[in-house]
Amino acid sequence: MDHLAKLARIALTAEEKARFGGELGTILNYFDQLKTVNVDGVEPSAHAFPVYNVLREDVPGPSLDVEMLLRIAPQARDRQVVVPRVVDDEG
Amino acid sequence: MSFEYEAVIGLEIHVQLKTRSKVFAPSSYLYGGDVDPKSVEPNTLIDPVVLALPGALPVLNKAALEQSVRFGLLVGATIPPVSNWDRKNYFYPDSPKNYQLSQKDFPITIGGEVEIELPGPSRNIMGEHKVIRLNHAHLEEDVGKLSHAGAGSLVDYNRAGAPLLEIVTEPDLRSSEEAVALLNAIRMLLVAAGIADCDMEKGQMRCDANVSIRQHGETVLNTRTEMKNLNSISGVKNAIEYEFKRQIREVEAGKTIRQETRGWNAETGRTYSLRSKEDAHDYRYFPDPDLMPVQVSEADQARLAATLPERPYLRQRRYMEEFALPYTITSVLVPDRLLCEYFEAAVAAHPANPQGVANLIVNDLLRELTAAKKSGAEENSFAEENAAEEVAAVSLADCPLKAEELAGLVKLTDEGVISKQQAKDVFVEMFQTGKSAAAIVDAKGLRQSSDSGEIEKIIREVLALPSSEKPIAEFKSGNEKAINSLKGPVMKASKGKANPQVVDQVLRRLLGEL
């Protein structure tokens, strides 16, 4: 639970951890049930419908107004979105 | 005691594909157009898909798919029957969706190989060639650009969603020289096929290197480190060399190499450990439900294969064998597809002398094109390592001379109508005025006379001179060289316009009749 919460950037209380832990456990059990199904000879599929090659011609469309982006950003400066400083160790 | 170590290197090469719009979004991407994307105001190449606004759905760009398949066909890769996209989940502010659309289990191309050339013992001698295997290539989206300013970081999403082909090699490289040779070979292939421009300075080609070491003769793969974002040829070379030495030092000191991601600091010339990101490497890939898989039919593959150029090293060998061109000339022609097409068009117009045609292109045409470019708009000069690019940067699109016209000049020279020395001057004038070689030769009265009747008349006059008696007698008595004492006065009498071959021919005939 701690690992998942960290990956998802969510802070959980002890109470929440217990509750979600139980719920996730139920989901995992459900997958264990699915694992018992024999799928020999069935091709792996990521989609319910056999639809392929949904493609778009390479024609550029208009850009959104930068003001729109900046309006929905928590903070903006120099026509860019401001986020907490991110750097690597030696940067 | 000290062992002899070798480096085991695999590269992950990210290449921005040459498309007009982004890979999953219609927003413009301005690749390779007249506008340098760097000069574009931040956040002006954005749309709801790029920003992952609620409800926006990605649709794959057909051109990005086709360019990826063309790459696969060019390197002899397999195009699998089905390919699909996965979400690579991680939080970083340059990615608006908190996941990157990438490919994990069913990439667009599988396998393939790239021929590389190592530096030869000198510039004019061909180096050793090797074949580097590819593992696969997958099509994904680029992220935005972060810049750091004071307490915060600024995000520009112009680059976010640009089509990125990640080419992953097998660990077949054994030195930094081989890694550099591979980058050059891939760049040459992609540029020739019009798939990408691969300008590392513009970030169109970026590279991660996986490096491990082992003792010579071993076949094991030891723990490797990954160096991220090597964004210049010298960065790739120096980072690999530094990391190779660092790992040897560690092992000799009895330490073990940790699997980790390291950064390259070009200023200090060192690699450094990035904060442990074991957690962050848990990307929780799963198939993207918004994008449907693709199937590239045999017919589409055949159609795309027909658009591919001859592979540069194959073309080089063909030029050396078919046209007997020297290595140095071919190594100038071959990286530039347009130059090759120009050369072949000129040879088609004058098939008798491919070497003469190639020499004129490589020496005279490129010189004039470079001079014309320099005197034109001010260009930033490239660093020394990009000297090869500077030649490639000269565009034949600006060339005022048609290949057939250039061939016409070589033909006039070969036929002895003008001398090689005269041809150089005529070429410069052709380039400047756009006139044909024949027009310039006629206007300047340079045409050598091949009219054997006229030449015969001049020769008869010269042979009748008293000063010719001695050389005639010497030639008749078997002194072959004496004929030169007769040719000089003939050429002089013709004011240098007589075709030397015709003079020789007629002179021998007339001497035989005496």
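Residues numbered from 1 in each chain as written. Chains lettered and ligands numbered in written order. Predicted model: local features only at pLDDT ≥ 70, side-chain atom pairs only at ≥ 80, totals over all residues. Heavy atoms only, no water.

> Give a description of the overall build of chain A that names residues and reports values.
In terms of regular secondary structure, chain A is built from three helices and three strands. When the helices and strands of chain A are listed from N to C terminus, the series reads α-α-β-α-β-β. Over its C-alpha atoms chain A spans a radius of gyration of 23 Å, topping by over 25% the 12 Å that the globule rule assigns to 91 residues. Along the longest, intermediate and shortest principal axes, the C-alpha atoms of chain A span 55 × 50 × 30 Å. Scored against the burial criterion, the 91 residues of chain A give a buried share of 15%. In chain A, which carries 10 positive and 15 negative side-chain charges, the distance between the mean positions of the two groups comes to 7 Å. (Helix = DSSP H or I, 4+ residues; strand = E, 2+ residues; numbered from the N terminus. Rg over C-alpha atoms; globule rule 2.2 N^0.38 Å. Buried < 20%, exposed > 50% of the residue type's maximum accessible area, 1.4 Å probe, protein only. Lys, Arg positive; Asp, Glu negative; His and termini not counted. Charge placed at Lys NZ, Arg CZ, Asp CG, Glu CD.)

> Explain the overall build of chain B to me, using residue names and the numbers behind them.
Scanning chain B for helices and strands turns up 16 helices and 15 strands. Projected onto its principal axes, the C-alpha positions of chain B cover 100 × 60 × 50 Å. A buried classification covers 50% of the 514 residues belonging to chain B. Within chain B, contacts between residues separated by at least 24 positions form 69% of all contacts whose residues are at least 6 apart in sequence. (Contact = heavy atoms within 4.5 Å.)

> Go over the interface of chain B and chain A with me, naming the residues and quoting the values.
At the interface, 60 residues of chain B touch 40 residues of chain A. At the boundary of chain B with chain A, total buried surface from both sides reaches about 4,400 Å², with 56% on carbon and sulfur atoms. Taken together, chain B and chain A are joined by two salt bridges. The residue A:Glu57 makes a salt bridge to B:Lys62 at a minimum N-O spacing of 3.5 Å. (Buried area = accessible area lost by both parts, 1.4 Å probe. Salt bridge = Lys/Arg side-chain N within 4 Å of Asp/Glu carboxyl O.)

> Outline the confidence of the model for chain B, supporting the account with residue identities and numerical values.
All names here are of chain B. On average, chain B scores 89 in pLDDT, and the residues at 70 or more come to 93%. Low confidence marks residues 377-392, where pLDDT is under 50. Its contacts with residues over four positions away, or in another chain, come to 14 contacts. With a pTM of 0.83, the predicted complex shows an ipTM of 0.87. (pLDDT = per-residue confidence, 0-100.)

> Describe the nonpolar core, and please don't skip the residues or the numbers.
All names here are of chain B. Core analysis: the largest hydrophobic core is formed by 64 residues, its most contacted members being Leu11, Ile13, Phe71, Val114, Ile167, Leu182 and Leu190. With ten residues, helix H2 (residues 176-192) is the largest single contributor of residues to this core. Excluding anything up to four places from it in sequence, leucine 182 contacts Leu11, Ile13, Val114, Ile116, Ile132, Thr169 and Leu173. Membership of the second largest hydrophobic core comes to 41 residues, among which are Ile329, Leu339, Ala403 and Leu412. (Core = buried A, V, L, I, M, F, W, Y, C linked by side-chain atoms within 4.5 Å.)

> Quick one: what's the story with the pairing of strand E11 (residues 205-215) of chain B, residue by residue and with numbers?
Residue and element names in this part refer to chain B. For E11, the buried fraction is high: ten of the eleven residues fall into the buried class. Both strand E1 (residues 5-16) and E11 contribute to a ladder of eleven bridges, which runs antiparallel. For valine 15, the partnering residue across the bridge sits in E11 and is methionine 205. Note that E11 and strand E12 (residues 225-230) share four bridges and pair antiparallel. Following the sheet pairing, cysteine 207 is matched in E12 by leucine 230. (Pairing = 2+ DSSP bridges.)

> Run through the packing of helix H7 (residues 337-349) of chain B against helix H10 (residues 403-414) of chain B, naming residues and quoting values.
All names here are of chain B. Where H7 meets H10, the closest approach of the two axes is 8 Å, and the angle between their N-to-C directions is 50°. One finds that H7 runs oblique with respect to H10. For the pair H7 and H10, the sense of crossing is right-handed. Only Ala403, Glu404, Leu406 and Ala407 of H10 make contact with H7, whose side of the interface consists of Tyr342, Ala345, Ala346 and Ala349. Tallied by class, residues from the contact of H7 with H10 come to seven nonpolar, no polar and one charged. (Axes fitted to C-alpha atoms, helices over the stretch in contact; angles between N-to-C directions. Parallel < 35°, antiparallel > 145°, perpendicular 65-115°, else oblique. Left-handed = near helix turned anticlockwise from the far one by under 90°. Nonpolar A, V, L, I, M, F, W, Y, C, P; charged D, E, K, R; others polar.)

> Tell me what's going on with the sheet that holds strand E2 (residues 76-77) of chain A, and back it up with residues and numbers.
Strand order in the open sheet formed by four strands is E2(A)-E3(A)-E9(B)-E8(B), with antiparallel pairing between adjacent strands. Each edge of the open sheet carries a strand with a single partner, namely E2 of chain A together with strand E8 (145-149) of chain B. With four bridges connecting them, strand E3 (residues 80-84) of chain A and strand E9 (residues 152-156) of chain B associate as antiparallel partners. What sits directly across from A:Pro84, in E9(B), is B:Gly152.

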